[in-house]
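For reference, the chains in residue letters:
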Amino acid sequence: MNALTKSGAFELSVEGMTCASCVGRVERALKKVPGVQEAVVNLATEKASLKVDDPASAAAVLPLAVAAIEKAGYAVPAQSVDLQVDGMSCASCVGRVERALAKVPGVQSAVVNLATERASVRLQGDTDVGMLIAAIEKAGYEARPVEQQAAATGEDAMARRQAAERAALKRSLVFAAAFALPVFLLEMGGHMLPAFHHWIAASIGTQNSWYLQFALTTVVLFGPGRRFFAKGVPALLRGAPDMNSLVAVGTSAAFAYSVVATFAPQWLPEGTVNVYYEAAAVIVALILLGRFLEARAKGNTSEAIRRLVQLQAKTARVRRGGLVQELDIAQVRAGDVIEVRPGERIAVDGEVVEGSSFVDESMISGEPVPVEKSVGTEVVGGTVNQNGALAFKATKVGADTLLAQIIRMVEQAQSSKLPIQALVDKITMWFVPAVMAAALFTFGVWLVWGPSPALSFALVNAVAVLIIACPCAMGLATPTSIMVGTGRAAQMGVLLRQGQALQQLKDAQVVAVDKTGTLTKGRPELTDLLLAQGLERAAVLARVAAVEDRSEHPIARAIVDAARAEGLAIPAVQSFESVTGFGVRAMVDGARVEIGADRFMRELGLSVEGFAGAAARLGDEGKTPLYAAVDGQLAAMIAVADPIKPTTRAAIDALHGLGLKVAMITGDNRHTAQAIARQLGIDEVVAEVLPGGKVDAVKRLKAEHGTLAYVGDGINDAPALAEADVGIAIGTGTDIAIEAADVVLMSGDLGGVPKAIALSKATMQNIGQNLFWAFAYNVALIPVAAGVLYPVNGTLLSPVFAAGAMALSSVFVLSNALRLKRFKP
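What you see is a predicted model; the values in this text were computed from it and never measured.

## Some words on the overall build of the protein chain
Item 1. Looking only at helices and strands, one finds 31 helices and 29 strands in the protein chain.
Item 2. Out of the 825 residues belonging to the protein chain, those deemed buried represent 53%.
Item 3. When contacts within the protein chain are restricted to residue pairs at least 6 apart in sequence, those whose partners lie at least 24 apart make up 69%.
Item 4. Counting every atom, the protein chain has about 35,200 Å² of accessible surface; 58% of that belongs to carbon and sulfur.

## A few points about the sheet that holds strand β15 (residues 384-385)
Item 1. Sheet architecture is open: three strands sit in the order β13-β12-β15, paired in antiparallel fashion. Each end of this open sheet is capped by a strand with a single partner; those strands are β13 (371-373) and β15.
Item 2. One ladder, built from three bridges, connects strand β12 (residues 357-360) with β13; its direction is antiparallel. Considered in β13, the bridge of Ser357 is made with Lys373.

## Let's talk about unusual backbone geometry
Item 1. Here Ser452 and Pro453 are connected by a cis peptide whose omega angle stands at 0°.
Item 2. Mapping Pro453 onto the fold places it in the loop between α15 (421-449) and α16 (454-468).
Item 3. The phi torsion at Asp589 lies on the positive side, around 50°, for a residue other than glycine.
Item 4. Residue placement: Asp589 occurs in the loop between β21 (583-588) and β22 (591-596).
Item 5. Assessed through its relative accessible area of 54%, Asp589 is described here as exposed.
Item 6. The phi dihedral of Asp631 is positive, around 55°, even though this residue is not glycine.
Item 7. Relative to the helices and strands, Asp631 is located in the loop between β23 (625-630) and β24 (633-641).
Item 8. Exposure remark for Asp631: the relative accessible area of 44% places this residue in the partly exposed category.

## Points about the packing of aromatic side chains
For any pair of aromatic rings, geometry is given as the distance between the ring centres together with the angle between the planes.
Item 1. On inspection of all chains with the given rule, the structure shows 14 aromatic pairs.
Item 2. Ring centres of Tyr211 and Phe263 lie 5.6 Å apart, and the angle between their planes is 25°; this geometry places the pair in the stacked category. Taken as a pair, Tyr211 in helix α8 (residues 206-222) and Phe263 in helix α10 (residues 243-263) lie far apart in primary sequence, 52 residues in all.
Item 3. Exposure remark for Phe263: the relative accessible area of 45% places this residue in the partly exposed category.
Item 4. Here the aromatic rings of Phe214 and Tyr277 are separated by 6.3 Å at their centres, their planes lie at 65°, and the arrangement is edge-to-face. Note that Phe214 is positioned in helix α8 and Tyr277 in helix α11 (residues 277-301), a separation of 63 residues in sequence.
Item 5. Taking relative accessible area as the criterion, Phe214 reaches 25% and is therefore assigned partly exposed.
Item 6. One aromatic cluster is present, built from ring pairs that chain together Tyr211, Phe214, Phe222, Phe229, Phe255, Phe263 and Tyr277.

## Quick look at α8
Given 3.6 residues per turn, any residue in an α-helix points the same way as the ones three and four places further on.
Item 1. With 17 residues, α8 extends 24 Å between its outermost C-alpha atoms, agreeing within 8% with the 24 Å of an ideal straight helix rising 1.5 Å per residue.
Item 2. Every buried residue belonging to α8 is among Ser209, Trp210, Gln213, Leu216, Thr217, Val220 and Leu221, and all of these are buried. Buried residues of α8, viewed axially, fall in a sector of 135°; they line one side.

## Notes on helix α31 (residues 799-818)
Item 1. If you check α31, its first and last C-alpha atoms are 29 Å apart, about what 20 residues at 1.5 Å a residue would give, namely 28 Å.
Item 2. With respect to burial, α31 is a largely interior element, 14 of its 20 residues being buried.

## Some words on the side chain of Glu548
Item 1. Secondary-structure assignment places Glu548 in helix α20 (residues 537-548).
Item 2. An unpaired buried charge is present at Glu548: no salt bridge exists, and Arg557, the closest side chain of opposite charge, is 7.9 Å distant.
Item 3. If we skip the residues at most four places from it in the chain, Glu548 touches Ala556, Arg557, Ile559, Val560 and Ile595.

## Points about the pattern of salt bridges
Item 1. Using the criterion set out here, one finds 20 salt bridges in the structure.
Item 2. When the shortest N-O distance is used, the salt bridge between Glu344 and Arg317 registers 2.5 Å. Of this pair, Glu344 sits in the loop between β10 (337-340) and β11 (349-355) while Arg317 sits in strand β8 (residues 315-320), and the two are 27 residues apart along the sequence.
Item 3. Classification of Glu344 by relative accessible area gives partly exposed; the value is 25%.
Item 4. Residue Glu577 pairs with Arg585 through a salt bridge whose shortest N-O separation is 3.5 Å.
Item 5. Note on Arg585: relative accessible area 22%, which makes it partly exposed.

## Details of the UniProt feature "transmembrane region" (unreviewed entry) in the protein chain
Item 1. According to UniProt, the positions carrying the feature "transmembrane region" (unreviewed entry) are residues 168-186, 198-222, 243-263, 275-293, 427-449, 455-478, 771-790 and 796-818.
Item 2. Helix makes up 89% of residues 275-293 and strand makes up 0%, while its end C-alpha atoms are separated by 30 Å.
Item 3. The straight-line gap between the two end C-alpha atoms of residues 771-790 is 28 Å; of that span, 85% is helix and 0% is strand.

## Some remarks on the sheet that holds strand β14 (residues 378-379)
Item 1. On the basis of which strands lie adjacent, the open sheet formed by six strands has the order β9-β8-β10-β16-β11-β14 and antiparallel pairing. At either margin of the open sheet sits one strand with a lone partner, and together these are β9 (323-328) and β14.
Item 2. Pairing between β8 and β10: three bridges, direction antiparallel. Paired with Val318 across the two strands is Ile338, which belongs to β10.

## A short note on the packing of helix α24 (residues 648-657) against helix α29 (residues 752-786)
Item 1. Put simply, α24 and α29 touch, their axes get as near as 8 Å, and they point 25° apart. One finds that α24 runs roughly parallel with respect to α29. The segment α24 lies against α29, with Ala651, Ala654 and Leu655 engaging Val753, Pro754 and Ile757.
Item 2. When grouped by side-chain class, the residues that make up the contact of α24 with α29 number six nonpolar, no polar and no charged.

## Here we look at the pairing of strand β3 (residues 47-52)
Item 1. Burial along β3 is one-sided: Ala48, Leu50 and Val52 are buried, and none of Lys47, Ser49 and Lys51, which face the opposite way, are.
Item 2. Taken together, the six bridges between strand β2 (residues 36-42) and β3 define a ladder with antiparallel strand orientation. In the strand pairing of β3, Ala39 is matched with Leu50.

## Notes on a positive patch on the surface
Item 1. There is a patch of like positive charges on the surface, built from Arg25, Arg28, Lys32 and Lys71.
Item 2. Its place among the elements puts Lys32 in the loop between α1 (20-31) and β2.
Item 3. Taking relative accessible area as the criterion, Lys32 reaches 71% and is therefore assigned exposed.

## Some words on a nonpolar patch on the surface
Item 1. Together, Leu447, Val448 and Trp449 make up an exposed nonpolar region whose accessible area comes to about 380 Å².
Item 2. With respect to the helices and strands, the residue Leu447 is situated in helix α15.

## Section: the pairing of strand β25 (residues 661-665)
Item 1. For β25, the buried fraction is high: four of the five residues fall into the buried class.
Item 2. Two elements, strand β18 (residues 510-513) and β25, share four bridges in a ladder whose sense is parallel. In the strand pairing of β25, Ala512 is matched with Ala663.
Item 3. Where β25 and strand β26 (residues 684-686) come together, three bridges link them in parallel fashion. Looking across to β26, one finds that Ile665 is bridged to Val686.

## A closer look at the confidence of the model for the protein chain
Item 1. Counting all residues, the mean pLDDT for the protein chain is 82, and 87% of those residues have values of 70 or more.
Item 2. The weakest mean pLDDT in the protein chain belongs to helix α5 (residues 149-153) at 40; the strongest belongs to β18 at 94.
Item 3. Here residues 1-7 is a poorly scored stretch, pLDDT under 50, and it has 22 contacts once near neighbours within four places are set aside; other chains count.
Item 4. Every residue in residues 148-155 is under pLDDT 50, and counting partners more than four places away or in other chains gives 19 contacts.

Criteria and cut-off values
Residues numbered from 1 in each chain as written. Predicted model: local features only at pLDDT ≥ 70, side-chain atom pairs only at ≥ 80, totals over all residues. Heavy atoms only, no water. Helix = DSSP H or I, 4+ residues; strand = E, 2+ residues; numbered from the N terminus. Buried < 20%, exposed > 50% of the residue type's maximum accessible area, 1.4 Å probe, protein only. Contact = heavy atoms within 4.5 Å. Areas by Shrake-Rupley, 256 points an atom, 1.4 Å probe, with all protein chains shown as cover. Pairing = 2+ DSSP bridges. Phe/Tyr/Trp six-rings, centres within 6.5 Å; stacked < 30°, edge-to-face > 60°. Expected span 1.5 Å × (residues − 1). Arc of directions from axis to C-beta. Lys, Arg positive; Asp, Glu negative; His and termini not counted. Salt bridge = Lys/Arg side-chain N within 4 Å of Asp/Glu carboxyl O. UniProt positions renumbered as here; feature names shortened; annotations may be inferred. Axes fitted to C-alpha atoms, helices over the stretch in contact; angles between N-to-C directions. Parallel < 35°, antiparallel > 145°, perpendicular 65-115°, else oblique. Nonpolar A, V, L, I, M, F, W, Y, C, P; charged D, E, K, R; others polar. Patch = residues over 30% accessible without salt bridge, like charges linked within 9 Å, V, L, I, M, F, W, Y side chains within 5 Å. Charge placed at Lys NZ, Arg CZ, Asp CG, Glu CD. pLDDT = per-residue confidence, 0-100.

And the structure:
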């Protein structure tokens, strides 16, 4: 990637150019942009190279150049970059990184997630990733590009990094606790037990006790506690304090005051000589405990991704050069033939070329029933072969497999930011500076109006305010719930391609569904075969199928498929004839077979009155009956239809149970649509519409009912999926429909819709609980830490207890989010 340089030259990718006149058009448009000195466009590379008059104005020129290209009728493609960001500890860090990235020329948007520790940056123009990393480092954090190997090869770098972080925190915690505990016992033990205080004074002496506490606390602060100073002090000096700054200032104040009291007590007013080593040491230990518990819980929130990665096979048995070789999964190429034994995991996506078996596809669809596989059927990488041996040809490998795409979808959804997060961001941007101001105010009030020793009271309460007000819980409240919620959805076969869909689904008032392939199976099947008295099903069906086998009509294919599914031998046919406007006839095993509508039977002089009652029933179900005659005698009535999926009625009942209206939008004829709607209890029907009409119907339903979710599976559903507030694609449908949707149901089962909506409601409720706790906790306890209750009942909050409460708030938020892992719709 080429970037903006110090000379003010930069490049833009340009899409849509086809000839030299396009080049001239783009160049002319760019030269009109204020500040552009030179513009050269290359058709072969599809790049525009620009040079500006003033290098300092290059950042301002970039968006103007992009707008000029787009106005000329061409496009500057946006690209996305994911960065791993280390060193963030609270919500204020998130805002700081986002603001730093937004200032980089070419950045359209930047979303930072504290739980995943990632920044998703959308760029317009060829901005160098190095500039993004430099901006983050300038803000006081570390960054590096996210490796995409996890999805392609099964390596889980994030899990390894999280494990290393937990191990380092555990070592620091044990070290800090070992040195802080004696300090706590020496100081607080004397306060709680007068006899212990007298024993210390008589044995080692109070002054020697202070010397010992000084030594132990120094080890804690400049050993495990060094991390808070290394990050907090530079942030403070930059005028952008974070949670580390609060801890660094709080512990430094307590430690410095204690050092003066120990070594230069004459500098302090009479009656204020006291030490607070235990506050400094124990605060560090408790905050490390909170961070360790937080890191453990964070690891659990990303468990869904880890499980998906672990589903990928590590090796595959590939046929090459007449031999079967066991190769690393990264060496498998499209077109390779791969062997799979019973109980093994299928390596990549492919098509079966040998053998038959049942395959457990629950990791994709959420459905526990194994699926039969035979020659010609597709298999998905990561699924488990059951009892038979298979050989299949690889069609998609590496990052192109369905499992790799699912992992990317889940990662994108987990990294997204919900609209509700905007409010949190606005508050946390000013929160840490406001807390430091509150601590200073607390110190001043106690120093001026507090009881004796005023300086000691002022110091203790100011430190308590600094420590208790950490915004960690605020920063984790939303992203952890999103991570766990989207991960749980993936386990249920519901893929949320956009995290925002979680929030919007909760507000859905109406669910609009396509009919074919969504409510129904999407392919005609023989649904009814009613026989005249004295005839056998097998004989009649075999003869009818023999005649229909000469036709390629979908209804004919359905009858032939039904006969073959029942294991019937289809006899030979002689003298096949199509009777225009009526039906078909042929000789089968010496018998004349005629098939057509009721008017064909009347033309043959046959009465269909015997089937009148059944024909009326089929008509109510939206089916059109056909009749078959053998040797001039009425033999059977046949109905072929696109059958309703067996799970559809239960899914619609579940949607009604959630208080939603259900509408069907279909291009099918009104009579069939109304019949299906009656069977399923659908509230509203829009029939006989073209794809554009589906969009109009979606707009009308949104205007009448409110937030709308649309469910479809075909190419003609893509516009309606895009127009809906939430587009839900059936995963067995077309790629175009899936790309246009916000949610994908991998099972092809409408039952995923009420599951997704119920999970959305549960996740948003969980986020609400987290935010309430995080905000209410700070609003309630900052005044308590400042000592507002002291005039009422003498209550003061020790900095040690403040540190414990602060750690508890983050752990509570994470633990509450993890409850979603057990969600059952």
